[in-house]
Amino acid sequence: MNGLRFLLKVLLHVLRTLAYGWVLDLADIVKRLLEALKKLIAYLKLPHADRDEAHKGCDTIDNPAMHRPDPCIYSQEYLLKLGLPVTWDNPDIVIRKGGVPVPENALEPDTDYVIEATIWNNSYEAPAVGLSVGFSFLTFGVATVATAIGGTSVNLGVKGGVNHPALAHMPWRTPPTPGHYCLQVKLDWPDDVNPGNNVGQNNLDVVTPQSPAVFHFTLRNNIGKQDWFAFEVDTYTIPTLPECPTQIGPDDRGPFPERLRRIKARHDKSLFPVPAGWIVTITPPQVSLVPDAEVDITVSITPPAAFAGTKQFNVNANHGAGYAGGVSLIVSTA
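This text gives an overview of the structure that appears in the document. Note that the structure is predicted; figures quoted are calculated from it, not measured. (Residues numbered from 1 in each chain as written. Predicted model: local features only at pLDDT ≥ 70, side-chain atom pairs only at ≥ 80, totals over all residues. Heavy atoms only, no water.)

## Focus on the overall build of the chain
At step 1: Each helix and strand counted, the chain has four helices and 18 strands in total.
At step 2: The burial tally for the chain puts 36% of its 334 residues in the buried class.
At step 3: For the chain, the share of sequence-separated contacts (at least 6 apart) that also reach a separation of at least 24 residues comes to 70%.
At step 4: Surface accessibility of the chain: about 19,700 Å² in total, with carbon and sulfur atoms responsible for 59%. (Helix = DSSP H or I, 4+ residues; strand = E, 2+ residues; numbered from the N terminus. Buried < 20%, exposed > 50% of the residue type's maximum accessible area, 1.4 Å probe, protein only. Contact = heavy atoms within 4.5 Å. Areas by Shrake-Rupley, 256 points an atom, 1.4 Å probe, with all protein chains shown as cover.)

Here it is as structure tokens:
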């Protein structure tokens with residue numbers, strides 16, 4: 001009799017598990033998956049530098065197969081996200097004709113040139129062999145549509161090693177229509193440590209100060225919704241880099257957030273205001289645009305009467321969600 005009761009008890013337990021016990025277990029599994037997904041989403045939203053800090057308590061996998069390259073170029077988009085000022089006269093993009101650098105404002109229509117891009121690697125451990133480099137041009141302005149020129153590949157060495165930096169070259173025949181164009185270079189690597197620093201743009205115009213110097217560029221709304229656009233002007237240029245020291249100094253040590261704080265202090269936008277005596281007028285000063293709409297922007301820069309030389313101005317456009325892009329304008333008496 002006791003054996004029969006035991007069998008009935010086991011049978012009831014099995015039937016209960018089949019009836020609804022698996023539902024409880026499934027609910028627990030789903031709950032755990034949602035918690036893991038929530039943590040993953042929160043991690044992916046962290047800035048690149050903060051992700052590195054989040055790994056401090058983790059074990060390090062010291063295996064060559066885990067080393068990843070970080071190909072990069074002077075990327076205005078990435079630097080602006082870090083809160084740093086930028087110049088749109090990209091130091092890593094040069095136009096040559098017969099091997100000689102040519103000013104972008106002096107390009108002739110329907111003429112053959114060669115674009116040269118300098119590409120860097122932030123990784124000391126992993127090269128990028130066969131790195132894809134794409135070239136395109138845009139009409140002069142902010143967020144304008146790109147037209148593909150072509151692509152090539154380079155073998156990028158590790159930081160400080162052979163093939164670093166690497167030079168990518170692309171033949172380009174300028175459009176037959178006269179006008180001012182800006183260039184864009186995009187790096188493509190499938191396992192990039194930081195893909196956010198892979199796009200660089202050269203967006204520069206030079207005008208003589210004919211009381212005043214007048215520039216025109218196109219502003220396009222590419223954010224997918226109607227918004228207001230306004231402008232900020234500064235005179236930031238990349239400072240002369242010091243000689244590389246034989247040892248890493250205190251300012252180059254410490255976690256990335258601390259090093260970024262020191263970098264921001266040296267490159268603070270407030271240190272590069274429009275100088276006294278200069279008058280910069282932007283027309284219109286702000287504008288509302290529907291998606292994909294374009295408007296012509298006029299910038300008038302009047303120098304002091306005694307001005308002689310060259311002065312750069314960076315005009316950056318912002319909308320409600322952040323920055324839209326910008327151009328660098330140079331007033332030169334040369």
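## Comments concerning the sheet that holds strand β7 (residues 146–156)
At step 1: Taken together, four strands build an open sheet; the order of strands is β7-β5-β9-β10 and the sheet is antiparallel. The strands lining the two open edges of the sheet, one partner per strand, are β7 and β10 (199–202). The average angle at which neighbouring strand axes cross in this sheet is 20°, direction not considered.
At step 2: Judged from the nine bridges that link them, strand β5 (residues 128–139) and β7 form a sheet pairing that is antiparallel. (Pairing = 2+ DSSP bridges. Axes fitted to C-alpha atoms, helices over the stretch in contact; angles between N-to-C directions.)

## Here we look at the pattern of salt bridges
Oppositely charged side chains can pair when the atoms bearing their charge come close.
At step 1: Within the structure shown, the criterion is met by nine salt bridges.
At step 2: The salt bridge involving E77 is made with K81; its shortest N-O contact spans 3.6 Å. With E77 and K81 both in helix α3 (residues 76–81) and four residues apart, the pair spans about one turn of that helix.
At step 3: You can call K81 exposed: its relative accessible area is 60%.
At step 4: The salt bridge partner of R262 is E258, with a shortest N-O separation of 3.3 Å. (Salt bridge = Lys/Arg side-chain N within 4 Å of Asp/Glu carboxyl O.)

## Some points on the nonpolar core
At step 1: Counting residues in hydrophobic clusters, the biggest one holds 25 residues, and the most contacted among them are I119, L131, V133, F135, W172 and V185.
At step 2: Contributions of two or more residues to this core are made by β2 (93–97), β4 (112–121), β5, β7, β8 (166–173) and β9 (181–188).
At step 3: The next biggest cluster of nonpolar side chains, apart from the first, holds 24 residues, and it includes V142, F215, F231 and I297. (Core = buried A, V, L, I, M, F, W, Y, C linked by side-chain atoms within 4.5 Å.)

## Description of the packing of aromatic side chains
At step 1: Going through the model one piece at a time under the given rule, you end up with six aromatic pairs.
At step 2: Ring centres of F137 and Y181 lie 5.4 Å apart, and the angle between their planes is 90°; on these two criteria the pair is classed as edge-to-face. Here F137 is found in strand β5, whereas its partner Y181 is found in strand β9, with 44 residues between them in sequence. Taken as a pair, F137 and Y181 share a single burial class, namely buried.
At step 3: Three or more aromatic residues link up through ring pairs in this structure, and these residues are F137, W172 and Y181. (Phe/Tyr/Trp six-rings, centres within 6.5 Å; stacked < 30°, edge-to-face > 60°.)

## Thoughts on the pairing of β4
At step 1: Most of β4 sits inside the fold, with seven of its ten residues counted as buried.
At step 2: Here two bridges tie strand β1 (residues 71–72) to β4, and the two strands are oriented antiparallel to one another. Looking at β4, one finds that P71 is bridged to N121.
At step 3: In terms of strand pairing, β2 meets β4 through four bridges, oriented antiparallel. Bridge assignment links V94 to a residue of β4, and that residue is E116.
At step 4: Relative to β8, β4 runs antiparallel, the two sharing eight bridges. Within β8, the residue paired with E116 across the bridge is H169.

## Examining the sheet that holds strand β16 (residues 294–302)
At step 1: Across the sheet, four strands lie side by side as β6-β12-β16-β14; this open sheet has mixed pairing. This sheet does not close on itself; its edge strands, each paired only once, are β6 (141–142) and β14 (279–283).
At step 2: As paired strands, strand β12 (residues 213–220) and β16 are joined by eight bridges and run antiparallel to one another. Among the inter-strand pairings, T218 is bridged to a residue of β16, identified as D296.

By themselves, these are just geometric observations and shouldn't be taken as functional.
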